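The chain contents come next:
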Amino acid sequence: MNPRLTALVRGAAPLIAIAALAVLLLVVAPATLSSFRLNNLGKYICWAIAAVGIGLAWGRGGMLVMGQGVFFGLGGYAMAMHLKLEAAGPEGIPDFMTLYGNGTMPGFWEPFRSGAFTLVAILVLPAVAATILGWAIFKRRVKGAYFAILTQALAVVFATLLIATIQETGGFNGLNQFTSFFGYNLYDPVNKRMVYSIAAGLLIACLLVVWQLYRSRFGELLVATRDAEERVRFLGHDPANIKLVAFVVAAMMASVGGAMFAPIAGIISPSDVDATASIFLIAGVALGGRALLLGPALGALTVGYGRTTLSETFPTQWTYFLGLLFVVVILLLPRGVGDLPRTLRSALKRSTA
Amino acid sequence: MLKSRTRLATGTAFALAGALFLSACGGAKSGEEGAAGESCVDTSGDTVKLGFLNSTSGAMSISEQTVRDSLSLAMKEINADGGIMGKQIEAVVEDGASDPAIFAEKIEKLLTGDCVAAVFGGWTSASRKAMLPVVEANNGLLFYPVQYEGLEASENIYYTGATTNQQIIPAMDFLASEGTKTLFLAGSDYVFPRTANKIIKQYAAELGIEIVGEEYVPLDDDDWTTQVAKIVKAKPDFVFNTINGSSNVGFIKAYYEQGLGADTSPIISVSIAEEEAPAMGHSVTGQYAAWNYFQSVDTPTNAAFIKAFQDEYGASRPTSDPMEAAYTSLYLYKAIVEKAESFDVDDVNAASDGVSFDAPEGTVTIDGENHHIAKTALIGKINDDNQFDVVWSSETPIEPDPFLEGYSWWDPTAE
């Protein structure tokens, strides 16, 4: 084949893959799935959005972010607070505050009455939190296992805090009973499909963002930092800043995923954002292939689908199967299922050599 | 040259994604589907599908598995006896995985995918709250078998466990009759203990009982050392325990280690039953619990229930209040359906008022207004066999009052 043509095809391959995924999620799925199954797929898509960010931070940046549930939760709770206030009406306050509290609403809820404020908060809150956190961590050169433990601990703290603040956040029950999404009735199947499409569109957008980042000079620097942080430093770059950008982008993506999860799942509670939930996100990324463009998203979609299907088919033993799947993948394909073609190719090369 | 091609490719990609996105939205808006809430339940054959939704994995699985077992037993008995309106029950089982979001997902699957006529299950308040909007939106039916914090009455839920005026308030009456002057509150940090303690504090003021302390620990936390130290210092006449699940083990351990006992500051619990008492890691003889059913309850139906359960699952298995409430819920459903002569939710709701069942705990009757059931309150004292000797009873079934409207001292907005 003409070498220029080969190069062109190879360059366009990621775009073709993203476009194929877009067709699958935005055209094929809505046309073939029932309203309930489509809504389930919507939930997996929300995890996939967070997973794309993890792919950037962990796969390309080498930062094992074990606490993405925190950022997922920031977005999820911000959105849920708005939806809860929407359900309560213009002057009303959320029902749980009168049921379990003293009937007054904490001040920080008030701005979330505004939809515009909520949308801004979904992006700004995690960005600010991740910047402060990342700055403190990366400037002190905390990395590896210490970084992973720190982020994991953060998820534990976050969930505990939510559980302890029943009057402010609904505690262990979380927030649910949303009736509308920016004025659209959430019980109407047509509107549910609209919310699904927004989530799917956001996933495609996030994939395009990381695709651009991976192609950019920043992407090269990020991989360089992952593989040889000291050398990058000696070349005159500050690895802390490079990691910070990836960490903040990952946090924002997790937040967007969480924000869409609330209206799609109809609930957000501490068990959706705690350490276990964070590990499930990581597991999806590991399964799909953390350093690949589509690996994290496809991995998260697969894990979500696997959880549902396995638990429906084997309601009592499904957790064992899921566990086994992870063990097998990590043992045989440490770079994830997405890396299977390359593993096979190199195995083939070795056997023929 | 290369640069411009890159830009072109990026632009195309964004345009493509945008176009797809818009087309999907447009398609969705013009698409017409059946309205939500349209029932797909089909009972024209000789079976009726029911959903059993309990956590068989995760933190709540030990408790919820017992409920699943007694539901399965009730189904087996009813099927052997000819089924509901001559139709054999076909159970669709799902795992709630101790996660509210999963409960919401699974009940939607059961109602809209499997088209079950009713769902039985849930344990934590969080799981019930998560299922409530789904079961209401689809006009389904849920039978919830666990005592809870009240303040709820959905048209689509039947509550076969106790509400607060059938468990918490009678427990306070019992404490008053024992001459209690000081009370310490210990609970898990979530909605049930918080609400129960709010009621306890207001009723205590009415009864002249002084609250000498109030401590909470997260649901999955087992360390009660510092909180128990406060109990030792306060020397209360009684400790009101609203701790849920395995956290009780840590509490009981700290309680006995720090020298407390049933003779000094006895505990009255609302979630330690026959299943939990032997698992506390320390003998809890002499402590109290407030329920509506004990294995020791002496009724002919209970003897038959215990025998059937132990024949099915082994002679060592105890029976407890939530298990009995779940068992009863399936029989109540059968009774309502056969009265209504229909599986339709609206027909069932129209027929439910006054339906009663001779349950192991005694006769229970449905209140058609609030979908709770009238139950007799019992206080049991734990004996050496980890069984409960009934030491106090409300004698007659108490009418359910989930919003405590009949109690003048209750002020829901007070702190």
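Residues numbered from 1 in each chain as written. Chains lettered and ligands numbered in written order. Predicted model: local features only at pLDDT ≥ 70, side-chain atom pairs only at ≥ 80, totals over all residues.

What to know about the overall build of chain A
Thinking step 1. In terms of helices and strands, chain A carries 16 helices and 4 strands.
Thinking step 2. The C-alpha atoms of chain A give 21 Å as radius of gyration, which agrees with the globular expectation for 353 residues (20 Å, within 12%).
Thinking step 3. Contacts in chain A between residues far apart in sequence, at least 24 positions, make up 78% of those at least 6 positions apart. (Helix = DSSP H or I, 4+ residues; strand = E, 2+ residues; numbered from the N terminus. Rg over C-alpha atoms; globule rule 2.2 N^0.38 Å. Contact = placed C-beta atoms within 7 Å.)

Focus on the overall build of chain B
Thinking step 1. Each helix and strand counted, chain B has 11 helices and 15 strands in total.
Thinking step 2. Expressed as lengths along the three principal axes of its C-alpha atoms, the size of chain B is roughly 85 × 65 × 45 Å.
Thinking step 3. A total of 415 residues make up chain B; the buried ones form 51% of that total. (Buried ≥ 20, exposed ≤ 12 C-beta atoms within 10 Å, placed from the backbone.)

Things to note about the domain arrangement of chain B
You'll often see interface size given as the accessible area lost when the parts meet.
All names here are of chain B.
Thinking step 1. Parsing chain B into structural domains produces domain 1 (47–162 + 299–374) and domain 2 (165–296 + 379–393).
Thinking step 2. The straight-line distance from the C-alpha centre of domain 1 to that of domain 2 is 27 Å.
Thinking step 3. Between domain 1 and domain 2, the residue contacts involve 17 residues of the former and 16 residues of the latter.
Thinking step 4. Here the residues of the side of domain 1 that touches domain 2 are counted per class, giving 7 nonpolar, 6 polar and 4 charged. (Domains from an automatic or database assignment. Nonpolar A, V, L, I, M, F, W, Y, C, P; charged D, E, K, R; others polar.)

Describing the sheet that holds strand β4 (residues 142–144) of chain B
Residue and element names in this part refer to chain B.
Thinking step 1. Read across the open sheet, the 5 strands follow the order β2-β1-β3-β4-β5; overall the sheet is parallel. Single-partner strands in this sheet number two, and they are β2 (88–95) and β5 (157–159). Going from strand to strand, the sheet's axes swing by 25° on average, the running direction of each strand aside.
Thinking step 2. When β4 meets β5, the two strands line up parallel, connected through 3 bridges. Its bridge partner lying in β5, Leu142 is registered against Ile157.
Thinking step 3. Each of β1 (47–54), β2 and β3 (118–121) touches helix α3 (residues 100–113); the most contacted strand, β1, lies at about 175° to it. (Pairing = 2+ DSSP bridges. Axes fitted to C-alpha atoms, helices over the stretch in contact; angles between N-to-C directions.)

Observations regarding the interface of chain A and chain B
Thinking step 1. Taken together, the contact between chain A and chain B spans 51 residues of the former and 50 residues of the latter.
Thinking step 2. Secondary structure elements with two or more residues in the side of chain A that touches chain B: α1 (3–32), α2 (35–60), α4 (95–100), α6 (144–164), α8 (189–215), α12 (270–273), α14 (295–313) and α15 (318–332) of chain A.
Thinking step 3. Per element, the largest residue contribution to the side of chain A that touches chain B is 10 residues, and it comes from α8 of chain A.
Thinking step 4. Its residues placed into classes, the side of chain A that touches chain B shows 27 nonpolar, 20 polar and 4 charged.

Looking at the pairing of strand β6 (residues 182–188) of chain B
The side chains of a regular strand alternate between the sheet's two faces.
Residues and elements named next belong to chain B.
Thinking step 1. A large share of β6 lies buried, amounting to 6 of its 7 residues.
Thinking step 2. Two strands pair when backbone bridges link them, and β6 and strand β7 (residues 210–217) are joined in this way by 7 bridges, in the parallel orientation. Residue pairing for β7: Thr182 is matched across the bridge by Glu210.
Thinking step 3. Crossover handedness for the path β6 to helix α6 (residues 191–207) to β7: right-handed. (Right-handed = clockwise from strand over helix to strand, strands pointing away.)

Quick notes on the environment of Val228 of chain B
Residue and element names in this part refer to chain B.
Thinking step 1. By secondary structure assignment, the location of Val228 is in helix α7 (residues 225–234).
Thinking step 2. Taking the number of C-beta atoms within 10 Å as the measure of exposure, Val228 has 25 and is therefore buried.
Thinking step 3. Note: C-alpha distance between Val228 and Glu275 (47 residues apart in sequence) is 24 Å.
Thinking step 4. In contact with Val228, not counting residues within four places along its chain, are Ala254, Tyr255 and Gln258.

Some words on the sheet that holds strand β9 (residues 267–269) of chain B
Residues and elements named next belong to chain B.
Thinking step 1. Taken together, 7 strands build an open sheet; the order of strands is β7-β6-β8-β9-β10-β14-β15 and the sheet is mixed. Because the sheet does not close on itself, it has two edges, and the strands there are β7 and β15 (388–393). Neighbouring strand axes in the sheet, compared pairwise and without regard to direction, differ in orientation by 25° on average.
Thinking step 2. Across 2 bridges, β9 lies against strand β10 (residues 288–291) in parallel orientation.

So, unusual backbone geometry
Residues and elements named next belong to chain B.
Thinking step 1. If you check the backbone angles, Cys115 has positive phi at about 55° while not being a glycine.
Thinking step 2. With respect to the helices and strands, the residue Cys115 is situated in the loop between α3 and β3.
Thinking step 3. A positive phi is found at Leu151, a non-glycine position, where the angle reads about 60°.
Thinking step 4. Within the fold, Leu151 resides in the loop between β4 and β5.
Thinking step 5. What makes Leu151 partly exposed here is the crowd of 19 C-beta atoms within 10 Å.

Some remarks on helix α3 (residues 68–88) of chain A
What sets the pattern is the α-helix's 3.6 residues per turn: residues three or four places apart point alike.
Thinking step 1. The first and last C-alpha atoms of α3 of chain A sit 30 Å apart over 21 residues, in line with the 30 Å expected at 1.5 Å per residue.
Thinking step 2. Downstream of α3 of chain A by a residue or two, Gly89 of chain A has a phi angle that is positive, lying close to 90°. (Expected span 1.5 Å × (residues − 1).)

Notes on the confidence of the model for chain B
All names here are of chain B.
Thinking step 1. Overall, the predicted model of chain B reaches an average pLDDT of 90, with 91% of residues at or above 70.
Thinking step 2. Within the model, the stretch residues 1–36 combines pLDDT values under 50 with 41 contacts to residues more than four positions away or in other chains.
Thinking step 3. The complex model carries a pTM of 0.89, and its ipTM stands at 0.88. (pLDDT = per-residue confidence, 0-100.)

Remarks on α14 of chain A
Thinking step 1. Taking 1.5 Å of rise per residue, 19 residues should cover 27 Å, and α14 of chain A covers 26 Å from first to last C-alpha, within 8% of that figure.
Thinking step 2. For α14 of chain A, the complete set of buried residues consists of Gly295, Pro296, Ala297, Leu298, Gly299, Ala300, Leu301, Val303, Gly304, Arg307, Thr308 and Ser311 of chain A.
Thinking step 3. Buried residues in α14 of chain A make contact with α2, α8, α13 (275–288) and α15 of chain A together with β2 of chain B.

Remarks on the pairing of β15 of chain B
All names here are of chain B.
Thinking step 1. Bridging between strand β14 (residues 378–382) and β15 involves 5 bridges; their strand directions are antiparallel. Across the sheet, Ile382 pairs through a bridge with Phe388, a residue of β15.
Thinking step 2. Turn length for the β14-β15 hairpin, with the two strands adjacent in sequence and antiparallel, is 5 residues, and the turn residue Asn386 shows positive phi of about 60°.

Re the environment of Thr376 of chain B
Thinking step 1. Along the chain, the position of Thr376 of chain B falls in the loop between β13 (373–374) and β14.
Thinking step 2. You can call Thr376 of chain B buried: it has 20 C-beta atoms within 10 Å.

Let's talk about the packing of α8 of chain A against helix α11 (residues 239–265) of chain A
Residue and element names in this part refer to chain A.
Thinking step 1. At a closest axis distance of 10 Å, the pairing of α8 and α11 adopts a crossing angle of 170°. Considering their axes alone, α8 and α11 lie roughly antiparallel with respect to each other. With respect to the hand of their crossing, α8 and α11 are arranged in left-handed fashion. On α11, the residues that touch Val195, Tyr196, Ile198, Ala199, Leu202 and Cys206 of α8 are Met253, Val256, Met260, Pro263 and Ile264. (Parallel < 35°, antiparallel > 145°, perpendicular 65-115°, else oblique. Left-handed = near helix turned anticlockwise from the far one by under 90°.)

Re the packing of α2 of chain A against α11 of chain A
Thinking step 1. It is at 8 Å that the axes of α2 of chain A and α11 of chain A come closest, and there the two elements cross at 170°. On the basis of the axis angle, α2 of chain A is roughly antiparallel to α11 of chain A.

Considering the environment of Tyr331 of chain B
Residues and elements named next belong to chain B.
Thinking step 1. Take Tyr331: it is sitting in helix α10 (residues 321–340).
Thinking step 2. Its 18 C-beta neighbours within 10 Å are what place Tyr331 among the partly exposed residues.
Thinking step 3. When the C-alpha positions of Tyr331 and Met75 are compared, they lie 8.7 Å apart, and in sequence the two are 256 residues distant.

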